[in-house]
Amino acid sequence: MPYRPSRRPTTQSESTPGRRPGLWAALVTGSVATLLAVGVVGPASAAVTTPARVTTAVLDLDHPARSPQVRGKDVPYDTASIVKVDILSALLVQAQDAGRGLTKKERTLAEAMIERSDNDAANALWREIGLAPGLEAVNKRLGLSSTVGGTGGLWGLTRTTVSDQIRLLSAVFADSGTSSASGSALTTASQGYIRTLMTRIAAGQSWGVSAASDSGAGWALKNGWLQRSTTGLWDINSVGRVTSGTHHYLVAVLSDGNTSMTGGIAAVESAARTAVSSARATG
C-alpha cells in the first residue's frame, strides 16, 4: 500500500492510476482486499512535468567483498514503503537487545506491513520503535550512514540512498561472517524472518526488482510507491534479492519524478534488468 503522509484510515482507495492486473480485477469484482493489496492513492494537485530520475545499485552476493555497482547519482530519495523493511529490522534489533522474541501482535503487524504493505501496521510499529530517532539509532549499527527518518508520523518521507539500501539488504541477506554482513546487528533468526516475509509479497505487488530474476528463480523484495501531493509525480522504489544465472544479487532501485505509477514501475523494472545484466557481465 502506498505511503500516505496523513493520519487518515488507509482502508479505502480514491483513484485508479493505471490498470495494474490486480487493480483491474478488483474493479471488476469489487474485491476490497485486492484494492488494499494494490494500494491506490488519491489525486494530487496539478501535475508538474519534470524529468524522472532513477538510480540503481547491485551487489553480487557470491562476491560480497566487491563494491556495489551504482548507476546514476547516489543521492537521497524518498523511501515510500521500502522503509518498512528498515522498520522491521529496527523492531527486531530492539527485541534482541531486550532478550525477547516478537510478540504475537508484533508478528501480526510485521507480516501485514511487509506482505501487504499495510500502512496502519507500519504506523503502529513506527511508533513502537521510537519514530525516526529509534530507526536511526539501529541504522547506525546496521552500517547505514545516509538515511534520515521522516519527521513525526511521516515514515514514508524517510530519505535514503541506493548505497544505504544495499547496506540494509546486506544486513538481511548476507550470511553471517561475510564482509557484507559484518557489523549487522541482526541475528540469523531475525535475518531469516525478514527474508521469509519478503518472499510472501501479496499479488499485485510482486513487480520491481523481481523483473531481473530468471524465470522461475526465487526472489524477495519490498516495493514503495507514493504520489507526491505537491507535484502529482510518483516515487517508485524497489529493493530485494534476485537470482540471475548462477549468482544471487542484492538490488536497489530508487526513482522519482515519474508521471504515472505504471510508467514508474516500467522504468524501475527496466533499470533493474539493466543493472543486473551489467553485474553479470563482470563475472
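Our structure is the block above this text.
Keep in mind that what you see is a predicted model, and the values were worked out from it rather than measured.

Undergrad: Break down the nonpolar core for me, citing the residues and quoting the values.
TA: Judged by nonpolar contacts, the single largest core of 71 residues is most densely connected at Ile 87, Leu 88 and Val 251. With nine residues, helix 3 (residues 83-97) is the largest single contributor of residues to this core. Setting aside anything within four residues of it in sequence, one finds Leu 88 in contact with Ala 110, Met 113, Ile 114, Tyr 193, Ile 194 and Leu 197.

Undergrad: Report on the packing of aromatic side chains, specifying residues and quantitative values.
TA: Under the counting rule described, the total for this entry stands at one aromatic pair. A centroid spacing of 5.7 Å and a plane angle of 65° characterise the contact between Trp 207 and Trp 225, whose relative ring orientation is edge-to-face. Highlighted residues: Trp 207 in the loop between helix 8 (188-198) and strand 5 (219-227) and Trp 225 in strand 5, separated in sequence by 18 residues. What makes Trp 207 buried here is its relative accessible area of 3%. Trp 225 gets classed as buried once you look at its relative accessible area, which sits at 0%. Lying across the ring of Tyr 77, Arg 53 places its NZ or CZ 4.3 Å from the centre. Of note, Arg 107 hangs over the ring of Tyr 193, and the distance from its end group to the ring centre comes to 4.6 Å.

Undergrad: Provide a residue-level description of the side chain of Asn 258, including the pertinent values.
TA: Inspection of the secondary structure puts Asn 258 in strand 7 (residues 247-258). The residues touching Asn 258, leaving out its near neighbours within four places in the chain, are Ala 52, Leu 233, Trp 234, Ile 236, Gly 264 and Ala 267.

Undergrad: Go over the sheet that holds strand 7 with me, naming the residues and quoting the values.
TA: Taken in spatial order, the five strands make up an open sheet running 2-1-7-6-5, and their pairing is antiparallel. Looking at the sheet topology across the chains shown, the edges are occupied by strand 2 (69-71) and strand 5. Taking the axes of each pair of neighbouring strands and ignoring which way they run, one obtains an average angle of 10° across the sheet. When strand 1 (residues 53-60) meets strand 2, the two strands line up antiparallel, connected through three bridges. Within the sheet, the bridge partner assigned to Ala 57 lies in strand 2 and is Val 70. Taken strand by strand, helix 7 (residues 162-173) contacts strand 1, strand 2, strand 5, strand 6 (234-244) and strand 7, and its axis lies near 145° from that of strand 7.

Undergrad: I'd like a description of the packing of helix 4 (residues 104-115) against helix 8, backed by residues and values.
TA: Between helix 4 and helix 8, whose axes approach to 9 Å, the crossing angle comes to 45°. Judged by the angle between their axes, helix 4 and helix 8 are oblique. For the pair helix 4 and helix 8, the sense of crossing is right-handed. On the side of helix 4, the interface is formed by Arg 107, Ala 110, Glu 111, Ile 114 and Glu 115, while helix 8 contributes Tyr 193, Leu 197 and Met 198. Residues that form the contact of helix 4 with helix 8 fall into these classes: five nonpolar, no polar and three charged.

Undergrad: Summarise the pairing of strand 1; cite the residues concerned and give the values.
TA: Burial analysis of strand 1 places six of its eight residues in the buried class, which makes it a mostly covered element. Pairing analysis gives eight bridges linking strand 1 to strand 7, with the strands arranged antiparallel. Counterpart to Val 54 in the pairing with strand 7 is Ser 255.

Undergrad: I'd love a proper account of unusual backbone geometry, names of residues and values included.
TA: The phi dihedral of Ala 80 falls on the positive side, at around 50°, and the residue is not glycine. Within the secondary structure, Ala 80 is located in the loop between strand 3 (77-78) and helix 3. Using a relative accessible area of 0% as the deciding quantity, one classes Ala 80 as buried. Phi is positive for Leu 131, which is not a glycine, with a value near 55°. The partly exposed category is assigned to Leu 131, whose relative accessible area is 31%.

Basis of the calculations
- Residues numbered from 1 in each chain as written.
- Predicted model: local features only at pLDDT ≥ 70, side-chain atom pairs only at ≥ 80, totals over all residues.
- Heavy atoms only, no water.
- Core = buried A, V, L, I, M, F, W, Y, C linked by side-chain atoms within 4.5 Å.
- Buried < 20%, exposed > 50% of the residue type's maximum accessible area, 1.4 Å probe, protein only.
- Helix = DSSP H or I, 4+ residues; strand = E, 2+ residues; numbered from the N terminus.
- Contact = heavy atoms within 4.5 Å.
- Phe/Tyr/Trp six-rings, centres within 6.5 Å; stacked < 30°, edge-to-face > 60°.
- Lys NZ or Arg CZ within 6 Å of the ring centre and 35° of its normal.
- Pairing = 2+ DSSP bridges.
- Axes fitted to C-alpha atoms, helices over the stretch in contact; angles between N-to-C directions.
- Parallel < 35°, antiparallel > 145°, perpendicular 65-115°, else oblique.
- Left-handed = near helix turned anticlockwise from the far one by under 90°.
- Nonpolar A, V, L, I, M, F, W, Y, C, P; charged D, E, K, R; others polar.

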